[in-house]
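Fold and geometry: a report
So you can see what is in the structure, the chains are spelled out below.
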Amino acid sequence: MAFTGDISKMYHVIKLSMLDQHTHRYKWRSLNLSIQPQTYVMTSVSFGDKPAATISAFALKKTAEMNADEHSAASQTIQTNTYVDDIIESKDSLDECKQLAEEIDLVLETGNFHIKECFFTGECKSSEDSSSQSCPEVLSDVKKVLGISWDKN
């Protein structure tokens, strides 16, 4: 069984220090040329920063390391099975996958990261029995994972 989760707004949850905010100043006046522009600062990492991917990867890894004693499996998964904002893992059973996903959520929460939604192999949306292995064709759910189509059913 496998699962994948996408970290929501990964860059934007990483806050900039006060010193770094000063290097992210910008002026804005809403296209109104009759007023003086106001000065604003970015308070979190933005996509436009060249080091944004490195900063976010470091913050994610540091979050995992800080929780390694209490949640070793989740910490290991975050450190080794994450690519940018996607976490991908496999286990022997759906229950093990769900348990690990919950543990990963606990670890990520300590760094203010959140998973949008986890997708599990063989899990039906409408099925009350989460261990059901067959899904109706109507519910066939193809997701993109790292740019590759993955039919979780």
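Everything below is about the structure shown above.
Below you will find a few notes about this structure.

Reading the values: the criteria
Residues numbered from 1 in each chain as written. Predicted model: local features only at pLDDT ≥ 70, side-chain atom pairs only at ≥ 80, totals over all residues. Heavy atoms only, no water. Phe/Tyr/Trp six-rings, centres within 6.5 Å; stacked < 30°, edge-to-face > 60°. Helix = DSSP H or I, 4+ residues; strand = E, 2+ residues; numbered from the N terminus. Buried < 20%, exposed > 50% of the residue type's maximum accessible area, 1.4 Å probe, protein only. Lys NZ or Arg CZ within 6 Å of the ring centre and 35° of its normal. Pairing = 2+ DSSP bridges. Contact = heavy atoms within 4.5 Å. Disulfide = S-S within 2.5 Å. Polar contact = N/O pair within 3.5 Å; in protein donor to acceptor, adjacent residues only side chain to side chain.

We now examine the packing of aromatic side chains. Using the criterion set out here, one finds three aromatic pairs in the structure. Ring geometry for Tyr26 against Tyr40: centres 5.8 Å apart, planes inclined by 25 degrees, an arrangement best described as stacked. Placement of Tyr26 in strand S2 (residues 25-28) and of Tyr40 in strand S3 (residues 38-41) is noted, with a sequence separation of 14 residues between them. Assessed through its relative accessible area of 36%, Tyr26 is described here as partly exposed. Over the ring of Phe120 we find Lys98; its NZ or CZ atom is 5.6 Å from the centre of that ring.

Let us look at the pairing of strand S1 (residues 2-7). Strand direction decides the pairing type here: S1 and strand S5 (residues 86-90), joined by five bridges, are antiparallel. Within S5, the position partnered with Phe3 by the bridge is Glu89. Pairing of S1 with strand S6 (residues 115-120), which is carried by four bridges, proceeds in the antiparallel orientation. Residue pairing in the sheet places Gly5 in a bridge with Cys118 of S6.

Attention shifts here to the environment of Ser46. Structurally, Ser46 can be placed in the loop between S3 and helix H2 (52-66). Looking at Ser46, the relative accessible area reads 14%, which means it is buried. Setting aside residues no more than four positions away along its own chain, Ser46 makes contact with Tyr11 and Ala52.

So, on to the state of the cysteines. Counting across every chain of the model gives zero disulfides. For the unlinked cysteine Cys97, the closest cysteine sulfur is that of Cys118, found at 9.5 Å.

With respect to the helices, strands and loops of the structure, Thr4 is situated in strand S1. Judged by its relative accessible area of 6%, Thr4 is buried. Polar side-chain contacts of Thr4 include one of 3.2 Å to the backbone oxygen of Ile87. Apart from the residues lying within four places of it in its own chain, the contact partners of Thr4 are Ile87, Ile88, Glu117, Cys118, Phe119, Val145 and Trp150.

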